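Architecture at a glance
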Amino acid sequence: MKAMDAGTLTEPREGLHARPHIEVEVQQQSERQLPSRDVVFSIRDLSVYYGGFKAVRNVSLDIFQNQITALIGPSGCGKTTMIRCLNRMNDLIENARVDGEVLYHGVNLYDKRVDAVEVRRRIGMVFQRPNPFPKSIYDNITFGPKIAGFKGNMDELVEQSLQKAALWDEVKDRLKESAWSLSGGQQQRLCIARCVAVQPDVILMDEPCSALDPIATARVEDLMQDLKSEYSIVIVTHNMQQAARVSEMTAFFTAEVQEDQDRRTGVLVEYDKTEQIFTNPSDERTENYVTGRFG
Amino acid sequence: MTSGAIDIGALQGSPQRRRRESLILRAFQLAAALSVLISAGIVFSLLGEAIVFLSNVDLSQLFAGGWYPRRGEFGIATIVTGTMVVTLVGMVVAAPLGLAAAVYLSEYAKPRVRRTVKPILEILAGIPSVVIGFFALTWISPEVIQRFFNDASAFNMAAAGLGVGILVTPLVASVAEDALRSVPQALREASVGMGARKRTTTLQIVLPAAVSGIVAAFIIGMSRAIGETMVVAIAAGGTGGSAFTVDPTGPGQTMTAAMTALAVGSDQVRGTDGTFQSLFFVGLLLFFITLTLNILSERFVRRVRQKY
């Protein structure tokens with residue numbers, strides 16, 4: 001499905017909530033600074049609650065196709081919560097609740113008719129710590145395609161996926177060995193290959209390098225550059241240099257103290273081209289953060 | 001303090017405290033040693049009497065067609081088979097039921113449900129087996145077994161086996177649930193993140209990852225079923241002895257029930273030579289069977305621990 005551009009997204013859909021005014025601001029902003037790119041996700045006034053606690057408040061932003069979008073910010077600012085909303089992984093968390101909309105190519109992922117399983121087949125995820133299955137390297141790759149009913153040549157798909165994740169040369173002679181025999185960096189690339197194997201549209205990466213050494217990190221970052229021609233990538237990272245190195249767009253989040261609560265709620269401070277965020281941010285809080293004066 | 005100007009006395013500490021420490025150490029060592037010694041003592045007494053039994057009895061009697069200790073027929077095969085039949089019936093009930101309960105509790109139940117059900121399950125495991133035995137005899141046997149098998153006798157191994165199964169299910173469920181819960185959440189997330197449904201995740205990721213713990217749960221359940229006495233003594237019949245049989249609808253004798261029968265009432269123990277000692281022989285056999293099973297399950301559990 002061809003993505004619509006941000007301007008057409010206001011068209012009301014069946015069963016959707018009334019649209020808050022904040023969205024208009026974001027659209028104006030994106031029209032001004034980010035002309036005519038295909039939008040994958042259009043997040044509209046999204047708030048996430050864990051029980052009575054509001055983890056993220058009123059976030060609106062557009063995520064573009066075939067680009068790397070970085071979510072940065074201090075601990076507890078809701079980056080991980082945000083990214084897990086994009087493929088409904090928050091469904092797994094007891095008492096998590098979402099307000100607002102996540103439009104994926106124009107369709108609200110939180111519409112009652114949407115099956116989260118279908119969402120996750122299109123929007124894959126790579127996690128903070130490498131989490132290969134306790135199966136062979138080969139079976140790790142084939143798990144996703146098999147459950148999705150893939151009928152083609154499995155060997156070919158395994159090779160392709162591992163090639164894309166720049167892991168094929170290292171493992172081609174040991175495909176039957178346990179994935180847990182690989183090093184941490186290899187495991188993470190295997191997880192990326194596994195994700196790629198289901199031929200998703202978007203890959204979400206939640207601090208994919210936080211458990212890796214610098215060399216493995218560099219390889220994963222190179223890999224992301226190779227992958228973005230085919231996929232849209234959203235990455236959560238603690239590491240500002242990483243966001244600056246890999247991403248085109250950066251969203252800066254921070255944690256705000258709420259008046260009525262003792263815990264802090266994540267808010268989106270600024271969303272712009274990465275270059276802009278790091279060289280000429282428009283919000284003081286962003287500037288303090290990226291220059292290392294805070295967080 | 002200046003460097004180098006220190007002698008051994010300065011670092012020795014108070015001799016009184018050191019003496020007290022060593023005393024405490026001794027006390028704990030003694031407590032640990034005592035439990036080992038008692039176990040060893042049990043094995044030795046079993047071994048001694050078992051040897052007396054083996055040297056007194058005509059060894060061909062060990063392969064007699066039945067277990068009638070007072071007549072001098074010690075057909076070991078009869079009671080070993082009886083144990084196997086009862087254990088098998090018990091595990092046919094306990095393995096699927098226990099595993100299903102474990103999967104429900106670990107994968108599907110809401111935390112609140114789990115918090116209430118798990119303790120109840122563990123209380124269930126503590127029901128005195130004599131109660132279950134009585135239940136097996138007075139309800140399972142007439143209402144279940146005799147209903148499906150018209151010619152089943154009132155005392156039958158199937159009823160005893162079902163009773164044992166009920167008794168063992170909570171144990172299997174509890175151990176298997178621990179195994180399932182020890183599967184890292186990251187694996188479930190990985191699977192769900194690939195677009196796997198709950199069922200797929202449970203069957204293809206969580207269960208295989210927990211397989212050694214689940215096998216351990218089965219083995220522990222089996223070893224408990226083999227050792228179970230009261231249920232079979234009450235419901236399986238064959239109090240005085242039994243002919244060799246593999247028919248679960250008929251009465252039979254298990255190793256534990258045979259021992260009970262021998263030990264209860266002095267008139268039962270008297271008989272031909274070696275009747276009393278046969279009790280020790282059977283006990284020794286039982287001891288080795290359950291020991292082997294426990295070592296096996298220990299192995300499996302350890303394999304789980306190493307993996308994560």
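Secondary structure assignment for chain A yields 11 helices and 10 strands. Counting over 295 residues, chain A shows a buried share of 56%. Long-range contacts, defined as pairs at least 24 residues apart, comprise 70% of the intrachain contacts of chain A with a sequence gap of at least 6. Carbon and sulfur atoms provide 46% of the accessible area of chain A, an area that totals close to 13000 Å².

For the rest of this paragraph, the subject is the interface of chain B and chain A. Taken residue by residue, the interface counts 19 residues in chain B and 24 residues in chain A. Across the chain B to chain A interface the summed buried area is about 1800 Å²; carbon plus sulfur atoms make up 68%. Of all residues in chain B, Glu189, Met194 and Arg197 of chain B give up the largest surface area on contact with chain A, accounting jointly for 33% of the area buried on that side. Here chain B and chain A share 2 salt bridges between them. Asp115 of chain A is paired through a salt bridge with Arg197 of chain B; the nearest N and O atoms lie 2.9 Å apart. The set of elements that each furnish at least two residues to the side of chain B that touches chain A consists of helix 6 (185–193) and helix 7 (198–209) of chain B. By residue number, the principal contributor to the side of chain B that touches chain A is helix 6 of chain B, which donates 7 residues.

All names here are of chain B. Once the domains are mapped, chain B shows domain 1 (12–56) and domain 2 (60–304). For domain 1 versus domain 2, the distance between C-alpha centres works out to 32 Å. Taken together, the 9 residues of domain 1 in the interface contact 10 residues of domain 2. Counting each side, the surface lost to burial between domain 1 and domain 2 is near 960 Å², with a carbon and sulfur contribution of 89%. Area buried by domain 1 at its contact with domain 2 is led by Leu46, Glu49 and Phe53, which between them contribute 57% of it. On the surface where domain 1 and domain 2 come into contact, there are 0 salt bridges. Put simply, domain 1 and domain 2 have 1 residue pair in polar contact (both at pLDDT 80 or more) between them. Taken together, the residues of the side of domain 1 that touches domain 2 break down into 7 nonpolar, 1 polar and 1 charged.

All names here are of chain A. On the basis of which strands lie adjacent, the open sheet formed by 10 strands has the order 5-4-1-2-10-9-3-8-7-6 and mixed pairing. Of all strands in the sheet, those bounded by a partner on one side alone are strand 5 (107–108) and strand 6 (123–126). As paired strands, strand 1 (residues 39–50) and strand 4 (residues 96–104) are joined by 8 bridges and run antiparallel to one another. By the bridge assignment, Tyr49 is partnered in strand 4 with Arg97.

Residues and elements named next belong to chain B. Within the structure shown, the criterion is met by 26 salt bridges over all chains. For the salt bridge of Arg188 with Glu107, the shortest nitrogen-to-oxygen distance reads 2.9 Å. One end of the pair, Arg188, is in helix 6; the other, Glu107, is in helix 2 (residues 76–108), and 81 residues separate them in sequence. What makes Arg188 buried here is its relative accessible area of 10%. The class of Glu107 is buried, set by a relative accessible area of 7%. In this structure, the salt-bridge partner of Glu177 is Arg181, at a minimum N-O distance of 3.6 Å. On the criterion of helical spacing, the pair formed by Glu177 and Arg181 is a turn pair, its members being 4 residues apart in helix 5 (residues 157–181). If you follow the salt bridges from partner to partner, you end up with Arg114, Lys118, Glu122, Glu177, Asp178 and Arg181 in one network.

In this section: the nonpolar core. If you look at the biggest cluster of nonpolar residues, it comprises 47 residues, and the most contacted ones within it are Phe133 and Phe143 of chain A together with Ile145, Val164, Val168, Leu180 and Val232 of chain B. Of all the secondary-structure elements, those providing two or more residues to this core are helix 4 (137–147) of chain A together with helix 2, helix 4 (129–148), helix 5, helix 6, helix 7, helix 8 (211–227) and helix 9 (230–235) of chain B. No other element matches the 12 residues that helix 5 of chain B contributes to this core. When residues no more than four places from it in sequence are discounted, the contact partners of Phe133 of chain A are Asn140, Phe143, Ala179, Trp180 and Arg194 of chain A together with Leu187, Ala190, Ser191, Met194 and Ile205 of chain B.

Among the secondary structure elements, Thr200 of chain B is positioned in helix 7. When its relative accessible area of 14% is taken as the criterion, Thr200 of chain B is described as buried. Here Thr200 of chain B is in contact with Phe143 and Ile147 of chain A together with Ile205 of chain B, once residues within four sequence places are set aside.

Conventions adopted
- Residues numbered from 1 in each chain as written.
- Chains lettered and ligands numbered in written order.
- Predicted model: local features only at pLDDT ≥ 70, side-chain atom pairs only at ≥ 80, totals over all residues.
- Heavy atoms only, no water.
- Helix = DSSP H or I, 4+ residues; strand = E, 2+ residues; numbered from the N terminus.
- Buried < 20%, exposed > 50% of the residue type's maximum accessible area, 1.4 Å probe, protein only.
- Contact = heavy atoms within 4.5 Å.
- Areas by Shrake-Rupley, 256 points an atom, 1.4 Å probe, with all protein chains shown as cover.
- Buried area = accessible area lost by both parts, 1.4 Å probe.
- Salt bridge = Lys/Arg side-chain N within 4 Å of Asp/Glu carboxyl O.
- Domains from an automatic or database assignment.
- Polar contact = N/O pair within 3.5 Å; in protein donor to acceptor, adjacent residues only side chain to side chain.
- Nonpolar A, V, L, I, M, F, W, Y, C, P; charged D, E, K, R; others polar.
- Pairing = 2+ DSSP bridges.
- Core = buried A, V, L, I, M, F, W, Y, C linked by side-chain atoms within 4.5 Å.

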